[in-house]
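Here is what each chain is made of, one letter per residue.
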Amino acid sequence: MQSKYPIGILGATGMVGQRFIQLLENHPWFEITWLAASDRSSGKLYGEAAKWRLDTPLPERIARMTVAPAEPEGAPKIIFAAVDAAIAREMEPKFANAGCAVVSNSSAYRMAPNVPLVIPEINADHLHLIEEQPSRRESGGYMVTNPNCSTIGLVLALKPLEERFGIDQIFVTTMQAVSGAGYPGVPSMDILGNVIPYIGSEEEKMEAETLKLLGHLDGNHVTPLAARISAHCNRVAVEDGHTESVSIKLGNKLGRPVTHEDILAAWSDFMPLKLQHLPMAPEQPIEFAPQPDRPQPRLDRNRGRGMAVTVGRLRPCSLLDWKFTVLSHNTIRGAAGAAILNAELLASLGKLEPVAETATRA
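Residues numbered from 1 in each chain as written. Predicted model: local features only at pLDDT ≥ 70, side-chain atom pairs only at ≥ 80, totals over all residues. Heavy atoms only, no water.

Helix and strand counts for the chain stand at 13 helices and 14 strands. In terms of principal-axis extent, the alpha carbons of the chain reach across some 60 × 50 × 35 Å. Per-residue burial over the chain gives 55% buried out of 362 residues. A fraction of 74% describes how many contacts in the chain between residues 6 or more apart in sequence connect residues 24 or more apart. As displayed, the chain has an accessible area near 15600 Å², and 52% of this comes from carbon and sulfur atoms. Across the chain, the 35 positively charged side chains and the 40 negatively charged ones have centroids separated by 2 Å. (Helix = DSSP H or I, 4+ residues; strand = E, 2+ residues; numbered from the N terminus. Buried < 20%, exposed > 50% of the residue type's maximum accessible area, 1.4 Å probe, protein only. Contact = heavy atoms within 4.5 Å. Areas by Shrake-Rupley, 256 points an atom, 1.4 Å probe, with all protein chains shown as cover. Lys, Arg positive; Asp, Glu negative; His and termini not counted. Charge placed at Lys NZ, Arg CZ, Asp CG, Glu CD.)

This part takes up the packing of aromatic side chains. Here the distance between the centres and the angle between the planes together describe a pair of aromatic rings. Overall, the coordinates contain six aromatic pairs when judged by the stated rule. For the ring pair Tyr5 and Phe30, a centre distance of 5.9 Å and an interplane angle of 45° mean the geometry is tilted. Of the two residues, Tyr5 is situated in strand β1 (residues 5-10) and Phe30 in strand β2 (residues 30-36); the sequence distance between them amounts to 25 residues. What links up through ring pairs into an aromatic cluster is the set Tyr5, Phe20, Phe30 and Phe80. Over the aromatic face of Tyr183 sits the side chain of Arg53, whose NZ or CZ is 3.4 Å from the ring centroid. Over the aromatic face of Tyr109 sits the side chain of Arg89, whose NZ or CZ is 4.9 Å from the ring centroid. (Phe/Tyr/Trp six-rings, centres within 6.5 Å; stacked < 30°, edge-to-face > 60°. Lys NZ or Arg CZ within 6 Å of the ring centre and 35° of its normal.)

The next subject is the nonpolar core. Judged by nonpolar contacts, the single largest core of 47 residues is most densely connected at Phe20, Phe30 and Phe80. The set of elements that each furnish at least two residues to this core consists of β1, α1 (15-24), β2, β3 (78-81), β4 (101-104), β5 (142-145) and α12 (332-348). In terms of residue count, α12 provides more of this core than any other element does, ten residues in total. The contacts of Phe20, once residues within four sequence positions are left out, are Ile9, Phe80, Ala81, Ala82, Ala336, Ala339 and Ile340. (Core = buried A, V, L, I, M, F, W, Y, C linked by side-chain atoms within 4.5 Å.)

Note that Asp262 resides in helix α10 (residues 260-269). Judged by its relative accessible area of 15%, Asp262 is buried. With near-sequence residues (within four places) excluded, Asp262 lies in contact with Arg164, Phe165, Leu254, Arg256 and Pro257.

Counted at 1.5 Å a residue, the expected span for helix α9 (residues 202-213) with its twelve residues is 16 Å, and the 16 Å between its end C-alpha atoms agrees. Among all positions in α9, only Glu202, Met206, Glu209, Thr210, Leu211, Lys212 and Leu213 are buried. Structurally, α9 contributes buried residues whose contacts are with α5 (120-123), α7 (149-165), β6 (167-176), β9 (221-223), β10 (228-236) and β11 (242-250). (Expected span 1.5 Å × (residues − 1).)

Moving on, we come to the pairing of β10. Examined bridge by bridge, β6 and β10 share eight bridges and lie parallel to one another. Each bridged residue has a counterpart across the sheet, and for Met175 the counterpart in β10 is Asn234. (Pairing = 2+ DSSP bridges.)

What follows covers the sheet that holds strand β14 (residues 322-328). Read from one edge to the other, the open sheet built from seven strands follows the order β7-β10-β6-β11-β14-β13-β12, with strand pairing classed as mixed. The open sheet is flanked by β7 (195-196) and β12 (286-289), the only strands paired with a single partner. Set on the sheet, α7 makes contact with β6, β10, β11, β12, β13 (309-316) and β14; between it and β11 the angle comes to about 25°. Across the face of the sheet, α9 comes into contact with β6, β10 and β11 while running at roughly 140° to β10. (Axes fitted to C-alpha atoms, helices over the stretch in contact; angles between N-to-C directions.)

Right under this line is the structure:
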């Protein structure tokens, strides 16, 4: 790529915004040229407006950038959005209508019929839905979303199994890290030595998003996967890394009982982005941990630079068919990294070309 795409980050001072900055430092395709946050941060240098909380230094160039107002005027045409759903519902369409490609981490529009909810390894063809958005025809702008942080790990583990064998039922219980709640997240007196068996709207998101992601594009809409799913979501005293206990009932695509070796082969063979050379894509998106006590957040969350999903403890389930454990890094694969990979896929498809050209052709 001869020159880098200029990009902006909306919600740049928050935890996901900071993760965007960390992951985009020295990115071969994208360069941060614009940062925006709340009114209280606008006009300040980023180094003053944000209390940096990641384990790598705040890049000096970013620290010296001035935080802009959260308005489309003066913003680049590619926006990574990391704002709360209530704010995103009003703000993201404003940027799309102004001709921006909005690559969002918010839940606000994930289930909108004409907004693609995408994991590149899973359902890249769903990106066609951007052509159904009025803003695409009028200004060239559009919105693309990535799933909930707990959904991404689950769906990556399920997709190769659904393709080869079919899936009829899914039962999942999550143990979700406190970083999934942003900063300051859950108060220490609530979470230390405790498990909180409720995360607002999380179970509903996980159930609906999983079926949409595993569904198929039918013309100009997505037909969800015809499976039943039940999710139990819990917050636990882990800093980063969502762990999920999964049981599934498989279909009959294979025509015979599915073996332990069949499932391992399906996970091992699953490398749909291998030839696309997207910088954020892990070489092996699903890694199997054979040890009886793995995966564990502390030991496995950074596999594939935080973009790989680790599965383990594969064994027969006496209630359904098979059960296993899934681990994913919730703020990398489950948030900022997922959005960056979506943008890389858009770039590879020519969807990040100058918006004016797109609008003129439309």
